[in-house]
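This is what each chain is made of:
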Protein chains: 2
Amino acid sequence: MEKTEGEIIRAKLDSDQSQSQISHLALDIGGSLIKLVYFSKNNGSSDDDDGNNKHLVLQGRLHFAKFETCKINDCIEFIRSKKLHFGGDAIVKLEQLSWYFISSSTTSLKVHSGVRLHDAPASDKILVKATGGGAYKFADLIKEKLGIVVEKEDEMDCLVAGANFLLKAVHQEAFTYMDGQKEFVHIDINDLYPYLLVNIGSGVSMIKVDGDGKFERISGTSVGGGTFWGLGRLLTKCKSFDELLELSREGNNRVIDMLVGDIYGGVDYSKIGLLSTAIASSFGKAISDNKELEDYKPEDVARSLLRLISNNIGQIAYLNALQFGLKRIFFAGFFIRGHAYTMDTISVGVHFWSKGEAKAMFLRHEGFLGSLGAFMSYDKHGLDDLSTHQLVQRFPVSGTNAGEKICCPLVGDLNDNDSIECGVYAA
Amino acid sequence: MEKTEGEIIRAKLDSDQSQSQISHLALDIGGSLIKLVYFSKNNGSSDDDDGNNKHLVLQGRLHFAKFETCKINDCIEFIRSKKLHFGGDAIVKLEQLSWYFISSSTTSLKVHSGVRLHDAPASDKILVKATGGGAYKFADLIKEKLGIVVEKEDEMDCLVAGANFLLKAVHQEAFTYMDGQKEFVHIDINDLYPYLLVNIGSGVSMIKVDGDGKFERISGTSVGGGTFWGLGRLLTKCKSFDELLELSREGNNRVIDMLVGDIYGGVDYSKIGLLSTAIASSFGKAISDNKELEDYKPEDVARSLLRLISNNIGQIAYLNALQFGLKRIFFAGFFIRGHAYTMDTISVGVHFWSKGEAKAMFLRHEGFLGSLGAFMSYDKHGLDDLSTHQLVQRFPVSGTNAGEKICCPLVGDLNDNDSIECGVYAA
């Protein structure tokens, strides 16, 4: 006799409970970077009944990690060494997992996790959710090396799911950054949509988000993080993206960019509101015969490049937001990396072009939208009758400000391997 | 007793007629290039009465020339050697000159030229119209070296005046370019406005044009010709913009750009309509550790760079056109230089983003809008009561298609020193 969905989940969770640890993994394999999200139960953590016996809570951590896509073997080794593909130390192979925020406490981000066993013949297969183009490109490699089947999730679906989750569930997730000032934004979940999501990976996707699973990719640009790092490598000999970004802190873009004042002899072009300090032509001073590449400081080159790309993305994002009347623009993706000058340039660009009408916001977990979305997609098939949206409603966060009820332990910038203390609810 | 405007003009022209030659000069001094337009009367040309005795016609040529702004001394020497600052061989110093199209013949572009003498004390001053930032920056240098006073004209005013003139007066001026096919566009002067003018110099200005002198600079980007040439020099060691452009013809951008197929393992990302051959990340393949700058062919680098910049300008132009409901976008400026791949990329970009709604068009005299506009601005103060618009109406071109009445001798691409055979009407 076939078990009902609920029974399957109960059975699975009971089984998990008898094990010492539960780990779940999802991947976002992009053109430059692989982003991992995985959950591990704390050793010795006690279950929290949350005053509701129907729910078992596993205390644990959400871990984030990234690898360069060209070093996918390192990533595979990492997964193998941590046994993430076997559900960590849990012996039972998980096929589908649902995982989403349902409530909050002052000390942890709580998530709901439902798992179910696949029908017997298929239970030998271990499925791992993955998104990004690499989910297609590397599916065979991953199967060969880890013996697991990659279940591909649409990249845009995952980005939006990840963004919505973060915006609705995580306290102090979104912030503005202007003139060196970081300010957290309180998100009213009743007034979140529509917004423009700008995900800056190797390339850039711009997505108009109207709700959970309701979105349209309206634009994009090929001038993104891959351009910064690709051109930056060629121009500066830096050995890593982070080195290039760090270098740009020390640079002065005015050495290479042609400013309005350079053309106008130091004066503004005031009739059209261009200050003498505005950039008229990015890298425009490099047209001079007098200097070769080696005569420019790498830090100045890095700075000009960062400014060009950040400003360009800010402008295209604003123009798209304008087209659809979107006032809120969230910038995410691993290009930003909490870098002050990047965020400042984007913010100033959006502010300038929109005459203050539109607002640029950033996300603390900016690089992990896709992988979080893939993680959450385990739910999609496992609990067909319950959408994330419905579950959020079943376990509503009191008040209109979701963020206020949840406290993340992280208050500074998020580093690669920082994890989020969290709990898993089992229905 | 003060002479009337008409008398002054008559007097001046009579004076000119007694000389062997009349030359007029205007400059557009940009961040990278100085563009010159000057008129010279043909030796031995006979006056054409045009069946209207009120008009004297000087047959001659409109000449175009350009110099790198950093070599302004060469430009000054050129002006001196041709005595352009003295009105060529004409002895009488011209202070103000009006110059505009009024009619057409099958063999020449005819222009109307009015000049007037300044009041005696000021007649020692020779004024030359100039626009672009360099009109401000180099005014003192030009005065010092040539003894002439630069009369500054607003850059946007001049661009628009130049564009409107070309579109209304010159046959086979505007054309589309797609898939290697160049097609001239018939301009209906009764249905010309509004349009978007995208002038790609060192930087890029985007101007919504609603009529003669009616316009607004709605946007721009610092990623323009200066970026192509500046970054291109640093990356390829090319010695000139044209060499870089030429190099790009041979290149293959797929060597350096990261395509959708590179990320997706050769397949399309069909759900959002991105073909595997679409560029996901410009220069994105250069993130690879395996290759340094010297391992890439300069022609591939040039090609990727040209594609990045052309595509980006096309996209931003389209987004601005969309905002104002403009269906026609004219691309001009010295970045384009009639280069097939540049125009193709811009055209494809505009076509792609607008789903075929908007059309990219190019101008044969693309690089000389500003200098033509400055040339025409001599009229502004000399004939205050007659706007160019009114004069066009006084001497209407029969039919709705201005272009059909005028034939330029040039049918191929315009080179630096190509001139336009034309006549000057004197009222």
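Preceding block: the structure.
Each value, and the rule that gives it
Residues numbered from 1 in each chain as written. Chains lettered and ligands numbered in written order. Predicted model: local features only at pLDDT ≥ 70, side-chain atom pairs only at ≥ 80, totals over all residues. Heavy atoms only, no water. Helix = DSSP H or I, 4+ residues; strand = E, 2+ residues; numbered from the N terminus. Buried < 20%, exposed > 50% of the residue type's maximum accessible area, 1.4 Å probe, protein only. Areas by Shrake-Rupley, 256 points an atom, 1.4 Å probe, with all protein chains shown as cover. Contact = heavy atoms within 4.5 Å. Least-squares fit on C-alpha atoms with pLDDT ≥ 70 in both. Pairing = 2+ DSSP bridges. Axes fitted to C-alpha atoms, helices over the stretch in contact; angles between N-to-C directions. Phe/Tyr/Trp six-rings, centres within 6.5 Å; stacked < 30°, edge-to-face > 60°. Lys NZ or Arg CZ within 6 Å of the ring centre and 35° of its normal. Buried area = accessible area lost by both parts, 1.4 Å probe. Salt bridge = Lys/Arg side-chain N within 4 Å of Asp/Glu carboxyl O. Polar contact = N/O pair within 3.5 Å; in protein donor to acceptor, adjacent residues only side chain to side chain. Expected span 1.5 Å × (residues − 1). Parallel < 35°, antiparallel > 145°, perpendicular 65-115°, else oblique. Left-handed = near helix turned anticlockwise from the far one by under 90°. Nonpolar A, V, L, I, M, F, W, Y, C, P; charged D, E, K, R; others polar.

Student: Is there a simple way to explain the overall build of chain A in this structure?
Tutor: What chain A contains, in helices and strands, is 13 helices and 17 strands. Taken across its 427 residues, chain A has 60% of its residues classed as buried. On chain A, roughly 16300 Å² of surface is accessible, and the fraction owed to carbon and sulfur atoms is 48%.

Student: What is the right way to read the side chain of Ser248 of chain A from this model?
Tutor: Residue and element names in this part refer to chain A. Tracing the backbone through its elements, the reader meets Ser248 in helix α7 (residues 241-250). The buried category is assigned to Ser248, whose relative accessible area is 0%. With residues near it in sequence (within four places) discarded, Ser248 still touches Glu299, Ala302, Arg303, Leu306 and His339.

Student: When you look at the relation of the copies chain B and chain A in this model, what are you seeing that I'm missing?
Tutor: A rotation about an axis combined with a shift along that same axis relates the two copies of the chain. With an RMSD of 0.0 Å, the operation that places chain B on chain A is a rotation of 180° combined with a shift of 0.0 Å along the axis. The transformation just described matches what one would write down for a two-fold rotation axis. Looking at chain B, 100% of its interface residues are interface residues in chain A too, so the copies touch through the same face.

Student: Would you mind going over the sheet that holds strand β15 (residues 328-332) of chain B with me for this structure?
Tutor: Hydrogen bonds between backbone groups are what pair the strands of a sheet, and the pairing can be parallel or antiparallel. Residues and elements named next belong to chain B. The 7 strands lie next to each other as β9-β8-β16-β15-β10-β11-β12, forming an open sheet whose pairing is mixed. Since the sheet does not close on itself, it has two edges, and those belong to β9 (181-184) and β12 (214-221), each with one partner. Ignoring which end each strand starts from, the neighbouring axes of this sheet average 30° apart. Here strand β11 (residues 204-211) runs beside β12; their pairing, made up of 7 bridges, is antiparallel. Residue pairing across strands places Ser205 opposite Gly220, the latter belonging to β12. Sitting on the sheet, helix α10 (residues 340-353) touches β8 (174-178), β10 (195-200), β15 and β16 (359-363), and the angle it makes with β8 is about 85°.

Student: I keep staring at the packing of aromatic side chains and nothing clicks. Help me out?
Tutor: The description of two aromatic rings rests on the distance between their centres and on the angle between their planes. If you walk through the whole model with that rule in mind, you get 31 aromatic pairs over all chains. On the basis of an interplanar angle of 40° and a centroid distance of 6.0 Å, the ring pair of Phe175 of chain A and Phe362 of chain A is categorised as tilted. Separated by 187 residues along the polypeptide, Phe175 of chain A in strand β8 (residues 174-178) and Phe362 of chain A in strand β16 (residues 359-363) bring together distant segments of the chain. By relative accessible area, Phe362 of chain A is classed as buried at 0%. Taken together, the aromatic side chains of Phe175, Phe184, Phe331 and Phe362 of chain A make up a single cluster linked through ring pairs. The ring of Phe175 of chain A has Lys182 of chain A lying over it, and the distance from NZ or CZ to the ring centre is 4.4 Å. Between the NZ or CZ atom of Arg337 of chain B and the centre of the ring of Phe241 of chain B, over which it lies, the distance is 3.9 Å.

Student: Even after reading the chapter, I still don't get the environment of Leu247 of chain B, so can you show me in this structure?
Tutor: Residues and elements named next belong to chain B. As for its placement among the helices and strands, Leu247 is situated in helix α7 (residues 241-249). Take Leu247: its relative accessible area is 22%, and that puts it in the partly exposed class. Between the C-alpha atom of Leu247 and that of Thr236, which follows or precedes it by 11 residues, the distance is 9.6 Å. Excluding anything up to four places from it in sequence, Leu247 contacts Thr236, Cys238, Pro298, Glu299 and Ala302.

Student: Please explain the interface of chain B and chain A as it appears in this structure.
Tutor: You'll often see interface size given as the accessible area lost when the parts meet. With 64 residues of chain B at the interface, the matching set in chain A holds 64 residues. A combined buried area of about 5400 Å² lies between chain B and chain A, and 57% of that area is made up of carbon and sulfur atoms. Counting the surface chain B buries against chain A, the share from its top three residues, Arg233, Leu234 and Ile287 of chain B, is 13%. Joining chain B to chain A, the criterion identifies 8 salt bridges. In this structure, the connection of chain B to chain A is made through 32 residue pairs in polar contact (both at pLDDT 80 or more). Broken down by secondary-structure element, the contributors of at least two residues to the side of chain B that touches chain A are α3 (134-137), α5 (155-169), β12, α6 (225-236), α8 (260-264), β14 (279-281) and α9 (298-323) of chain B.

Student: Looking at this structure, how should I read the pattern of salt bridges?
Tutor: Between side chains of opposite charge, a pair can form when the charged atoms approach closely. Residue and element names in this part refer to chain A. Applying the stated criterion across every chain, the model contains 32 salt bridges over all chains. The salt bridge partner of Lys285 is Asp262, with a shortest N-O separation of 2.9 Å. Taken together, the residues span a long stretch of sequence, with Lys285 in the loop between β14 (279-281) and α9 (298-323) and Asp262 in helix α8 (residues 260-264) at a distance of 23 residues. Residues participating in the shared-partner salt-bridge network are Lys129, Glu151 and Glu153.

Student: I keep staring at α5 of chain B and nothing clicks. Help me out?
Tutor: In an α-helix, one turn spans 3.6 residues; hence positions three or four apart end up facing the same way. All names here are of chain B. Helix length check: α5, at 15 residues, gives a terminal C-alpha distance of 21 Å against a target of 21 Å (1.5 Å per residue), a fit within 8%. The buried count for α5 comes to 12 of 15 residues, which makes it a mostly enclosed element. Those residues of α5 lying buried are Met156, Cys158, Leu159, Val160, Gly162, Ala163, Asn164, Phe165, Leu166, Leu167, Lys168 and Ala169. For α5, the N-terminal cap is Asp154; the gap from its side-chain oxygen to the backbone nitrogen of Met156 is 3.0 Å.

Student: So what exactly am I meant to see when it comes to the packing of helix α2 (residues 72-81) of chain A against helix α4 (residues 139-146) of chain A here?
Tutor: Helix packing geometry: the angle between the two helix axes and the distance between the axes. Residue and element names in this part refer to chain A. Between α2 and α4, the least distance of the axes is 11 Å, while the angle of their chain directions is 40°. Of the possible angle classes, the one that applies to α2 and α4 is oblique. Handedness of the α2/α4 crossing: right-handed. In this structure, α2 contributes Ile72, Asn73, Ile76, Ile79 and Arg80 to the contact, and α4 contributes Leu141, Lys145 and Leu146. Per-class residue counts for the contact of α2 with α4 are 5 nonpolar, 1 polar and 2 charged.

Student: Can you help me understand the packing of α9 of chain B against α10 of chain B in this one?
Tutor: All names here are of chain B. The geometry of α9 relative to α10 is characterised by a closest axis approach of 8 Å and an angle of 40° between their N-to-C directions. Classed by the angle they form, the pair α9 and α10 counts as oblique. Here the hand of the crossing between α9 and α10 comes out right-handed. Across the interface between the two elements, Arg303, Leu306, Arg307, Ser310, Asn311, Gly314, Gln315 and Tyr318 from α9 touch Tyr341, Thr342, Thr345, Ile346, Gly349, Val350 and Trp353 from α10.

Student: Quick question: what am I supposed to make of the sheet that holds strand β12 (residues 214-221) of chain A here?
Tutor: Residue and element names in this part refer to chain A. In spatial order, the strands read β9-β8-β16-β15-β10-β11-β12; together these 7 strands make up an open sheet with mixed pairing. Here the strands that pair on one side only, and so sit at the sheet edges, are β9 (181-184) and β12. The average undirected angle you get between the axes of adjacent strands in this sheet is 30°.

Student: Whenever I open this one, unusual backbone geometry confuses me. Can you help?
Tutor: In this structure, the amide linkage connecting Tyr193 of chain A to the following residue, Pro194 of chain A, adopts the cis form with an omega of -10°. Take Pro194 of chain A: it is sitting in the loop between β9 and β10 (195-200). In this model, Phe283 of chain A sits at a positive phi of 65°, which is unusual for a non-glycine residue. Secondary-structure assignment places Phe283 of chain A in the loop between β14 and α9. In this structure, Lys83 of chain B is a non-glycine residue whose phi angle is positive, near 55°.

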